[in-house]
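Here's the letter readout for the chains.
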Amino acid sequence: MTEEKTLMTEGPIGPILLRFALPLFLGNLFQQFYNIVDSLVVGNVCGDTALAAVSSSGSMCHLLIGFFQGLCLGAGVVISRYWGARDREGSDRAIHTTVVFAFFAGVLLTALGVLFTPTLLRWMGTPERVLPLSIQYFRVYCAGLLGLALYNTATGIFQALGDSRHPLYYLMISAGVNLILDLLFVAGLDMGVGGAALATILGQALSAVLAFGHLMSGRFVVRIRMSRLRADRDLLGQIFRLGLPSGIQNSVINIANVVVQANINAFGDLAMAGCGSYSKVEGFMFLPVASLTLAVTTFVGQNMGAQQPERARRGSWLGIAMAAGGAEIIGLLFFAFAPWLIGLFSPTPEVVAFGVRQIRVEALFYVFLGFSHAAGAALRGAGRAVTSMAVLLSVWCALRIVYITGMVAVFQDITVVFTAYPVTWIVSSLVFGAILLRGSWLKQEKWKSFSKEA
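What this report covers is the structure whose coordinates are included nearby. (Residues numbered from 1 in each chain as written. Predicted model: local features only at pLDDT ≥ 70, side-chain atom pairs only at ≥ 80, totals over all residues. Heavy atoms only, no water.)

Observations regarding the overall build of the chain
Of the regular secondary structure elements, the chain holds 17 helices and 0 strands. By residue count, 59% of the 454 residues in the chain fall in the buried class. Within the chain, contacts between residues at least 6 apart in sequence are counted, and of these 84% link residues at least 24 apart. (Helix = DSSP H or I, 4+ residues; strand = E, 2+ residues; numbered from the N terminus. Buried < 20%, exposed > 50% of the residue type's maximum accessible area, 1.4 Å probe, protein only. Contact = heavy atoms within 4.5 Å.)

Laid out in structure tokens, this is it:
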């Protein structure tokens, strides 16, 4: 791949965003395939209690990895800015600093997850009936967090440089391996939820090995060298400045989602299984929008690095319109096929009923979810991660928790929990829209350049 093919600073904006987002969507599709396969195999082979265990662990899995993924977003913005400015030395140092940080962060996440699994699951109110299986799944999953962290890092490097194809190739291979291992461990060897988690982490580890193999091979536009793996203090500061707000945002929002999950848990394991199935399908169906928002972040980052704020602005609004419109189309499809989609995970009528009810409450409001995701992505690409964090923490976390706590105290109905999502999506969209219309978020920032020409 040539350097020109990884730049997003020239050419028609719409095709560039779509060309970048399509392989990214397919890659995310295979990534989501991991969790869906776990739930499908476990739900159909091991039953509803095992499905509830896998589902209830999902929020905590996202909580642990969310902070790290936010920091990776910051690293991606730093790398994309240097790359957009054609500062190869700065890009190289940012990449090697990111890899060093990711390794130690992955080791720490693994240790914390394995050690504190029972405490974390009890904290979120996992029912005693489901708890042993939840501990088994979550602890095995956490044992593989280093591989997941390294794969996310490699993917972030590819994406920051404008390449969304290579992560797709590696995920296609590892997703197939994950499916085979799921069937072998769960259906063949009767290893239960622990076998599903083991299949997942082995597939993720394979993705990391393949991705880093290419980055270190010399066949890409940059090359990772063991001799250069050291942390640059200035660049680490930039990564934390841009990534820490996103990391805090992800973690705190996931804490809010843990609170939501705790309220769902109070309605029993059938509700847990049904709502967990909804989450799996939602994650799957929302992938086109998520891919577009990542394209927006990379596009804005590279164009801000190239000193083209007007092009960054036009790309942001086009990306936001595409994400919001696509999200609403997805919501309509989700609404129409709700019973069939949830029925894939469990034949139990009560489980299907809970999942369908959540879809019918939330899906028609996806336009606001798409708008908020894309607007936050544009702000992060422009280096305004603190602004994005402030909006989402105040609305998707604080307001959501206050809303649920107050409403559930008055109305003992799980539908009240579901309504918290569209309410907070609408509010965040209004706030983001006001911020973007002001235009000051595209003010250029200075950063240290390492290029000899600069």
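Having seen the model, we can carry on.
Considerations on the environment of L369
Within the secondary structure, L369 sits in helix α15 (residues 366-381). Judged by its relative accessible area of 5%, L369 falls in the buried class. Once the C-alpha coordinates of L369 and A324 are considered, the two residues, 45 residues apart in sequence, prove to be 7.3 Å apart. Excluding its chain neighbours within four sequence positions, the residues that come into contact with L369 are E282, F286, W396 and W425.

So, α15
End to end, α15 covers 23 Å across 16 residues, agreeing with the expected 22 Å (1.5 Å per residue, within 8%). Across the 16 residues that make up α15, a large majority, 13, are buried. Taken from the residues just after α15, G383 is the one with a positive phi, measuring 85°. (Expected span 1.5 Å × (residues − 1).)

Concerning a nonpolar patch on the surface
A surface patch of nonpolar side chains, amounting to about 540 Å² of accessible area, comprises I329, L333, F337, W340 and L344. The residue L344 is located in the loop between α13 (338-343) and α14 (349-362) in this model. (Patch = residues over 30% accessible without salt bridge, like charges linked within 9 Å, V, L, I, M, F, W, Y side chains within 5 Å. Areas by Shrake-Rupley, 256 points an atom, 1.4 Å probe, with all protein chains shown as cover. Salt bridge = Lys/Arg side-chain N within 4 Å of Asp/Glu carboxyl O.)

Brief notes about the side chain of T153
Checked against the element boundaries, T153 lands in helix α6 (residues 145-160). Exposure remark for T153: the relative accessible area of 1% places this residue in the buried category. Discounting chain neighbours no more than four positions away, the residues touching T153 are F68, C72, T98, V99 and A102.

Thoughts on the packing of aromatic side chains
Counting across every chain of the model gives 7 aromatic pairs. Between the aromatic rings of Y366 and W425, the centroid separation amounts to 5.7 Å while the plane-to-plane angle is 65°, which identifies the pairing as edge-to-face. In this pair, Y366 sits in helix α15 while W425 sits in helix α17 (residues 414-438), placing the two residues 59 residues apart along the sequence. Each member of the pair Y366 and W425 is classed as buried. Residues Y421 and W425 carry aromatic rings whose centres are separated by 6.0 Å and whose planes lie at 50° to one another, so their mutual orientation is tilted. Placement of both Y421 and W425 in helix α17 is noted, with a separation of 4 residues, approximately one turn of the helix. Under the relative-accessibility criterion, Y421 is labelled buried at 15%. In textbook terms, an aromatic cluster arises when at least three aromatic residues are bridged by ring pairs, as seen for Y278, F334, Y366, Y421 and W425. Note that R360 overlies the ring of F335, its terminal NZ or CZ placed 4.8 Å from the centroid. (Phe/Tyr/Trp six-rings, centres within 6.5 Å; stacked < 30°, edge-to-face > 60°. Lys NZ or Arg CZ within 6 Å of the ring centre and 35° of its normal.)

Comments concerning the environment of S429
Mapped onto the elements, S429 comes out in helix α17. When its relative accessible area of 8% is taken as the criterion, S429 is described as buried. Distance in space between the C-alpha atoms of S429 and V391 is 9.5 Å, their sequence separation being 38 residues.

Description of the packing of α15 against helix α16 (residues 385-410)
Where α15 contacts α16, the axes come no closer than 7 Å and their chain directions differ by 150°. Between α15 and α16, the angle falls in the class roughly antiparallel. Here α15 and α16 pass one another in a crossing that is left-handed. Contact residues: α15 offers L369, S372, H373, G376, L379 and R380, while α16 offers A385, T387, S388 and W396. Across the contact of α15 with α16, the residue classes tally to 4 nonpolar, 5 polar and 1 charged. (Axes fitted to C-alpha atoms, helices over the stretch in contact; angles between N-to-C directions. Parallel < 35°, antiparallel > 145°, perpendicular 65-115°, else oblique. Left-handed = near helix turned anticlockwise from the far one by under 90°. Nonpolar A, V, L, I, M, F, W, Y, C, P; charged D, E, K, R; others polar.)

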